[in-house]
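Read off the chains here:
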Amino acid sequence: MAKTSKEYENFSKAMDTILKADPAKVRAQMEAEKKQRKEQREEKATSSSREGSETSKA
Amino acid sequence: MAMFTAYFDASGHPVDGKVLTVAGFVSTVKKWARFEGEWNAILDSEGIKIFHMTDFVASHGEFSKGWKGQTDRRRLFIERLAACLKKNVNKSFRTTLLLDGYYAVNKAYEVQEMFGCPYALCCMICSFTLREWAARKGAERKLLYYFEDGDLGKGEFEMFHKAAYGAKPLFLEKARGVPLQAADFAGWKIRTSVQESIKSDHTLDKGIRLLESVAMLKTIPKTAGIISGKVLDRYCQHRRVKVRN
């Protein structure tokens, strides 16, 4: 019982500190960043393939 | 002030298993360099390149020839590795999660949404206790810590770590970080001893054997915790974690 109580105190202290920031907000931010990176990669791939085809035409 | 580095590894399967442990060690950069030389010399002396605890236990991989049933050779080898660890690390940090409890409380409350998946939760507690230790020593800005790369739940851990500390955690492959082999060794030892101790057929004899098997780790200063369903349930009630619909 005393051990569980100590474990609870430690866990509670850790979680109260760790969870100060809202993980849901960070998740949304990370997803947005991921989406942005994907779009940038796609845009880059499209523009380089366009450049490639223009070069071969020339 | 010395520069500190810590290395962590997870042991156990977060879905099929009963117990998940994340364990690791912190030491100074100078002592880790010495550790690496000594650890690799022990492995070299036995013709081993990388120490994997699961291979050692099952006499697989690099341990498939000449290790099975060789009790004295095995004991001596583990004792040498443990002595090398004890000599070169400052402290051990480990968190063990009892998975049945986690999943039971997760059915009643939004545990995963709040605390993350089992791996993320254990890694976050280890990060927290390590950082607290560093803060007490005034070494927060002289601390780097790495987790072994490739575990299930890495993305969630990154998210929670970024939320709490403003940056993603660092990851390393086992082949690139010799101290990760020591973390693997400790994680396996702790997880299996907790796993055995919660089995219904646990006896005093078994308990003594388990204590003996982790005796070498017990001499290293530690911050260790076990998160049970009771602990999670109590926190959810006290902090009014959202009840699952």
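As the structure is a computational prediction, the values presented were derived from the model and not from experiment.

Q: So, the nonpolar core: which residues are in play, and what are the values?
A: Grouped together as the largest cluster of nonpolar side chains are 72 residues, with contacts concentrated most on Phe8, Cys122, Cys123 and Met124 of chain B. With near-sequence residues (within four places) excluded, Met124 of chain B lies in contact with Ile18 of chain A together with Gly116, Phe157, Phe160, His161 and Ala164 of chain B.

Q: Break down the interface of chain B and chain A for me, citing the residues and quoting the values.
A: Accessible area lost during the coming together of the parts is what is often quoted as the interface size. Contact with chain B, which involves 18 residues of that partner, is made by 17 residues of chain A. Of all the secondary-structure elements, those providing two or more residues to the side of chain B that touches chain A are helix H6 (118-136), helix H7 (154-165), strand E6 (222-227) and helix H11 (229-238) of chain B. The element contributing the most residues to the side of chain B that touches chain A is H7 of chain B, with 5 residues. Here the residues of the side of chain B that touches chain A sort into 12 nonpolar, 3 polar and 3 charged.

Q: An account of the confidence of the model for chain B is needed here, citing residue identities and associated values.
A: Residue-level pLDDT values for chain B average 91, and 94% of them are 70 or greater. Interface confidence for the predicted complex, expressed as ipTM, amounts to 0.79; the pTM equals 0.87.

Q: I'd like a rundown of the sheet that holds strand E2 (residues 19-28) of chain B, residues and numbers included.
A: Residues and elements named next belong to chain B. In spatial order, the strands read E5-E4-E1-E2-E3-E6; together these 6 strands make up an open sheet with mixed pairing. Only two strands of the sheet have a single partner each, and these edge strands are strand E5 (170-172) and E6. Neighbour-to-neighbour, the strand axes of the sheet open up by a mean angle of 20 degrees, direction not taken into account. In terms of strand pairing, strand E3 (residues 91-98) meets E6 through 6 bridges, oriented parallel. Paired with Ser92 across the strands is Lys222, a residue of E6. Relative to the sheet, helix H8 (residues 179-197) contacts strand E1 (4-11), E2, E3, strand E4 (143-148), E5 and E6, its axis offset from that of E2 by approximately 140 degrees.

Rules and cut-offs
- Residues numbered from 1 in each chain as written.
- Chains lettered and ligands numbered in written order.
- Predicted model: local features only at pLDDT ≥ 70, side-chain atom pairs only at ≥ 80, totals over all residues.
- Core = buried A, V, L, I, M, F, W, Y, C linked by C-beta atoms within 7 Å.
- Buried ≥ 20, exposed ≤ 12 C-beta atoms within 10 Å, placed from the backbone.
- Contact = placed C-beta atoms within 7 Å.
- Helix = DSSP H or I, 4+ residues; strand = E, 2+ residues; numbered from the N terminus.
- Nonpolar A, V, L, I, M, F, W, Y, C, P; charged D, E, K, R; others polar.
- pLDDT = per-residue confidence, 0-100.
- Pairing = 2+ DSSP bridges.
- Axes fitted to C-alpha atoms, helices over the stretch in contact; angles between N-to-C directions.

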